[in-house]
Structure formats: C-alpha cells, structure tokens
Amino acid sequence: MKNTILIAALTITLFTGNIFAILYVNRSCDAFNSCSPDVNGGFNPSMGQMIIEGAGYFLASHADMQGFSNKIELSEINGVNYPGLQEILNRAIANMENAAGTYKSLIRAAKETPYNQAVIDRLVKFDYRGFMKKNNLVADVFIKVQGFLARGDVTGAYIKLKASKDAIIAQLYMIKAAVDSNLFPDVNLLYQVNQAYCETLLFGQYIAQVFNNL
C-alpha cells in the first residue's frame, strides 16, 4: 500500500507541474460563501486565493525535497555536498512553513465564513464508495477524506491538512539537524517524510476530485 501511494503521488507531481493548484483542494471553498480567487486590494485574500497559494507553496516544497532526494541518491557516486543539501532543505522548509501559514489563515477564514448549505447537502449525499471504486483511488487515503466530507466538515479537512504540513516541517527539521552537523540523514526518516508528502498530496487531490464531481 505504501508503494502504491508513493507511485501515485510521484506520477501526479510529474504530470501536473504548475497546474497543481488546480488539483489540490481546488473548489473546496465552494462549500463556503468566499471562493473567488481574486485578492481584494491585495491585502485580504479570499479562501480561493489562499487555497491556490497554499498549493503552490506545498508543491514547491515537495519539488525541493525531490531535488534533495536526488542528491542523496547520487551521493555514493558524487559524494555528499552538505552545503548543497542545506540550501535545498532550507528552501523546502521555508516553502512548507509558508504553506502551513497559509492554511492557518485559511482555517481562520473558514471558521468565520458560513457554509453554503446546498453544497454541504451534496457532500453528505455523495456516493463516496462508488466514486472510489470508479476512479481506483487509494482507499487508505480516500476513506480519511470521506470521513470529513461526508459529514460536511470541510473546515476539519483543512485542519487535517495543516496538521500534516506541521508534521512534515518537524520531520524536515530533524533531517536538517543532521545535515547542518555534516552527518548523513537517517534513511528511515527520509522514507517517512517522502511518504508524508505523498499522502498529503493525495489527500488534497481527492478533496479536489470530489468537489469537481459534485
């Protein structure tokens, strides 16, 4: 199952590129009354704008970690360039911290914005089991998405995504502690953080898929 998640997530990353924001949690703000992607005066972004920005930061961090993993993979041939690893890792952390910060603002906005009851009703009545089977989705991840959306708890799904990003940040800092000391990072920790990225990616994509099919 873990290999399935990894392969699926890597495939998504390779083929989405800059349109990742369209696929990650996209349209979930339809559940609220604030989904325009426009920024009002540049200071008060809508929930739609925050979703796009959060996706962009998340994708950038994921791409950074793929570059980090590439250097780790080739280190037996090329040697370990710790300053290079530090540079990439610092970028990955900064982007993920920006993603988490954006989701903090998104959650605050969600708590202050009334739900669109017509959309919530469609979420509650949605055929999750049939949708998962039809689209061959990874059950372990989709069932978690269903747990939030089937009860109309879109804010809860945002909170879950924020917690996942916070967990990844903690893992990245553990890797950073080793790299900053010119020590090769624990390979098991690298496995864990790569899996966390992939699962978080799929969680966000599945939210988008449901909303795009309401």
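Residues numbered from 1 in each chain as written. Predicted model: local features only at pLDDT ≥ 70, side-chain atom pairs only at ≥ 80, totals over all residues. Heavy atoms only, no water.

Engineer: Explain the confidence of the model for the protein chain here, please?
Structural biologist: Regions with low pLDDT should not have their predicted coordinates read in detail. The pLDDT averaged across the protein chain works out to 88; a share of 85% of its residues lies at or above 70. Here residues 1-21 scores under 50 on pLDDT; set against residues more than four positions off or in separate chains, the count is 29 contacts. The low-confidence segment residues 39-43 (pLDDT under 50) makes three contacts with residues lying over four places distant or belonging to another chain. (pLDDT = per-residue confidence, 0-100. Contact = heavy atoms within 4.5 Å.)

Engineer: I would appreciate a short explanation of the side chain of aspartate 64 in the present structure.
Structural biologist: Along the chain, the position of aspartate 64 falls in helix 3 (residues 47-73). Using a relative accessible area of 10% as the deciding quantity, one classes aspartate 64 as buried. Of the polar contacts made by the side chain of aspartate 64, one reaches the backbone nitrogen of alanine 92; its length is 3.3 Å. Engagement of the side chain of aspartate 64 in a polar contact is seen with the side chain of asparagine 95, the distance being 3.0 Å. (Helix = DSSP H or I, 4+ residues; strand = E, 2+ residues; numbered from the N terminus. Buried < 20%, exposed > 50% of the residue type's maximum accessible area, 1.4 Å probe, protein only. Polar contact = N/O pair within 3.5 Å; in protein donor to acceptor, adjacent residues only side chain to side chain.)

Engineer: Got a minute to help me understand the nonpolar core in this structure?
Structural biologist: Proteins that are soluble and globular tend to have nonpolar side chains buried together. Counting 62 residues, the largest nonpolar core has Met47, Phe68, Val154, Tyr158, Leu172 and Tyr197 as the members making the most contacts within it. Those elements that place two or more of their residues in this core are helix 3, helix 5 (82-112), helix 6 (117-125), helix 7 (128-134), helix 8 (139-149), helix 9 (154-180) and helix 10 (187-212). Per element, the largest residue contribution to this core is 14 residues, and it comes from helix 5. Excluding anything up to four places from it in sequence, tyrosine 158 contacts Val25, Ser28, Cys29, Phe32, Met47, Ile51, Tyr103, Leu106, Ile107 and Ala110. (Core = buried A, V, L, I, M, F, W, Y, C linked by side-chain atoms within 4.5 Å.)

Engineer: Would you explain the pattern of salt bridges in this entry?
Structural biologist: Pairs can form between side chains of opposite charge once their charged atoms are near each other. Applying the stated criterion to the full structure yields six salt bridges. Salt-bridge contacts for aspartate 64 lead to arginine 91; the nearest nitrogen and oxygen are separated by 3.3 Å. Here aspartate 64 is found in helix 3, whereas its partner arginine 91 is found in helix 5, with 27 residues between them in sequence. For arginine 91, a relative accessible area of 38% translates into the label partly exposed. For the salt bridge of arginine 91 with glutamate 87, the shortest nitrogen-to-oxygen distance reads 3.8 Å. A residue pair is termed a helical-turn pair when its members lie 3 or 4 positions apart in one helix, as arginine 91 and glutamate 87 do in helix 5 at four residues. Within the structure, one salt-bridge network assembled from shared partners comprises Asp64, Glu87 and Arg91. (Salt bridge = Lys/Arg side-chain N within 4 Å of Asp/Glu carboxyl O.)

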